[in-house]
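As a plain string of letters, each chain reads:
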Amino acid sequence: MKVVVYAICKNESGFVDRWTRSMWEADEIVVLDTGSEDDTVERLEKKGVKVVSEKISPWRFDRARNRSLELVPEDADICVCTDLDEVFEPGWRAGLEQAWTAGVSQARYRYTWSFTEAGREGVVFWIEKIHSRHGYQWVHPVHEVLTWTGEGQPGRTVNVEGIQLNHYPDSAKSRGQYLPLLELSVAEDPEDDRNMHYLGREYMYKKRWDDCIRTLKHHLTMKTAVWGDERAASMRYIAKSYLMKGEKREARDWYLRAIVQAPHLREPYMDLAHALYEEKEWEGVLYFTGCALKIQDRPGTYICEAASWGSLPHDLRAMAFYHTGRAGEALEEGKKALALEPNNRRFQRNVELFAEKESGEVPEISDGK
């Protein structure tokens, strides 16, 4: 079984050593360099990577990915698409070979997109960027996805428990190209609900609140927008946009709609809890954080945010208990938040203060949320 890793890159010299170490369980590595001005190419070649340099103009991620896929030898059995800021944990090849049985053409595996400052996993979901050599192409200018374009039906997609890919992004890298590429993607395929959702989310990131609301309300009307988790995310982003516009009643209404749409997700409950926290509606904070914490199964999709699965629920509950005179409960929740972020100095101080309050002293709380 011949396994080949392929990637695109530009000015990523600092990632070369770590990336190649984690990828060399493959038989071969090929890279399309799209215009590096540092020594990325030289460093890759010294590691034995086959590199082709070529500019993609106008820039589109799908064209770059497809060009890099063309560099994979025709006799490869399995193609593994990664980026240079990603790292496989050791043993990934063995897990892949065990799972790749007759009739399989694509693999799904666990992906940690971000880590917290404390080093814990942040956003985690499952991705499908390992595939057979023939029959697949990348589509969309940004947020590109693999699409079957071969004859007949694709093979099975198999979950591979033995693969873990971790993402350590360059925080200095600009997202400036994402918005125009998303607008292009929607213009090319206005019936694609997935990119309509991403476009609305990008408007939210850019603080274009009215554009976000308009785009995501349209997303919710699309006949193909049937995935409840993503619909709930659109509702949450609409709510946040209204909140930032000062329209608190509309915001609360949309947060409640998101909860009804996806009651199995923590994120809608936590968004509303945080909004209520800002309004000092302590009992509401306790109710909705309690609902969130009852959800123990973390989803395997990208609709998953680190804060909802970290210290935030316990921190908000600690503050709400404190402000309603329940120091014992505040101390219990404060300890849970601190256990998840042991180096958080505010949490450390609050636990001390909650303990003092429970003992009868009157401390001054450290309220940082």
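What counts and what doesn't
Residues numbered from 1 in each chain as written. Predicted model: local features only at pLDDT ≥ 70, side-chain atom pairs only at ≥ 80, totals over all residues. Heavy atoms only, no water. Helix = DSSP H or I, 4+ residues; strand = E, 2+ residues; numbered from the N terminus. Buried < 20%, exposed > 50% of the residue type's maximum accessible area, 1.4 Å probe, protein only. Contact = heavy atoms within 4.5 Å. Areas by Shrake-Rupley, 256 points an atom, 1.4 Å probe, with all protein chains shown as cover. Lys, Arg positive; Asp, Glu negative; His and termini not counted. Charge placed at Lys NZ, Arg CZ, Asp CG, Glu CD. Pairing = 2+ DSSP bridges. Polar contact = N/O pair within 3.5 Å; in protein donor to acceptor, adjacent residues only side chain to side chain. Core = buried A, V, L, I, M, F, W, Y, C linked by side-chain atoms within 4.5 Å. Axes fitted to C-alpha atoms, helices over the stretch in contact; angles between N-to-C directions. Parallel < 35°, antiparallel > 145°, perpendicular 65-115°, else oblique. Left-handed = near helix turned anticlockwise from the far one by under 90°. Nonpolar A, V, L, I, M, F, W, Y, C, P; charged D, E, K, R; others polar.

**Concerning the overall build of the protein chain**
(1) Moving on: A count of helical and extended segments in the protein chain gives 14 helices and 10 strands.
(2) Moving on: Principal-axis analysis of the C-alpha atoms places the extent of the protein chain at approximately 75 × 45 × 40 Å.
(3) Moving on: For the protein chain, with 369 residues in total, the buried portion stands at 53%.
(4) Moving on: Across the protein chain, the fraction of contacts at a sequence separation of at least 24, relative to all contacts at a separation of at least 6, is 65%.
(5) Moving on: In the structure as shown, the protein chain presents an accessible area of about 17600 Å², 48% of it carried by carbon and sulfur atoms.
(6) Moving on: Charge centroids of the protein chain, computed over 51 positive and 62 negative side chains, lie 3 Å from each other.

**Some details on the pairing of strand E10 (residues 156–167)**
(1) Moving on: The pairing of strand E5 (residues 86–88) with E10 spans 3 bridges and is antiparallel. By the bridge assignment, Phe88 is partnered in E10 with Leu165.
(2) Moving on: Relative to E10, strand E6 (residues 104–112) is paired through 7 bridges, and the arrangement is parallel. In the sheet register, Arg110 faces E10, and the bridge partner there is Gln164.

**Topic: the side chain of Glu144**
(1) Moving on: Relative to the helices and strands, Glu144 is located in the loop between strand E8 (136–139) and strand E9 (145–148).
(2) Moving on: Of note is the side chain of Glu144, whose polar atom sits 2.9 Å from the side chain of Arg65.
(3) Moving on: Setting aside anything within four residues of it in sequence, one finds Glu144 in contact with Phe61, Asp62, Arg65, Trp138, Val139 and Arg194.

**Topic: the nonpolar core**
(1) Moving on: Trp19, Leu44, Val80, Trp92, Leu96 and Ile130 are the most contacted members of the largest nonpolar core, which has 115 residues in total.
(2) Moving on: Not counting residues up to four positions away in its chain, the partners in contact with Leu96 are Val3, Ile78, Val80, Ala107, Ile130, Val160 and Ile163.

**Comments concerning the pairing of strand E7 (residues 124–132)**
(1) Moving on: The pairing of strand E4 (residues 78–81) with E7 spans 3 bridges and is antiparallel. By the bridge assignment for E7, Ile78 is matched with Ser132.
(2) Moving on: In the sheet, E6 pairs with E7 via 6 bridges, with the strands oriented antiparallel. Bridge pairing links Tyr111 to Phe125 in E7.

**A word on the packing of helix H10 (residues 266–278) against helix H11 (residues 282–293)**
(1) Moving on: Orientation of H10 relative to H11, taken along the N-to-C sense of each, is 165°, at an axis distance of 8 Å. Between H10 and H11, the angle is such that the two are roughly antiparallel. Relative to H11, the crossing made by H10 is left-handed. The residues of H11 that touch H10, namely those facing Arg266, Tyr269, Met270, Leu272, Ala273, Leu276 and Tyr277, are Trp282, Gly284, Val285, Phe288, Thr289, Cys291, Ala292 and Leu293.
(2) Moving on: Of the residues in the contact of H10 with H11, the class split is 12 nonpolar, 2 polar and 1 charged.

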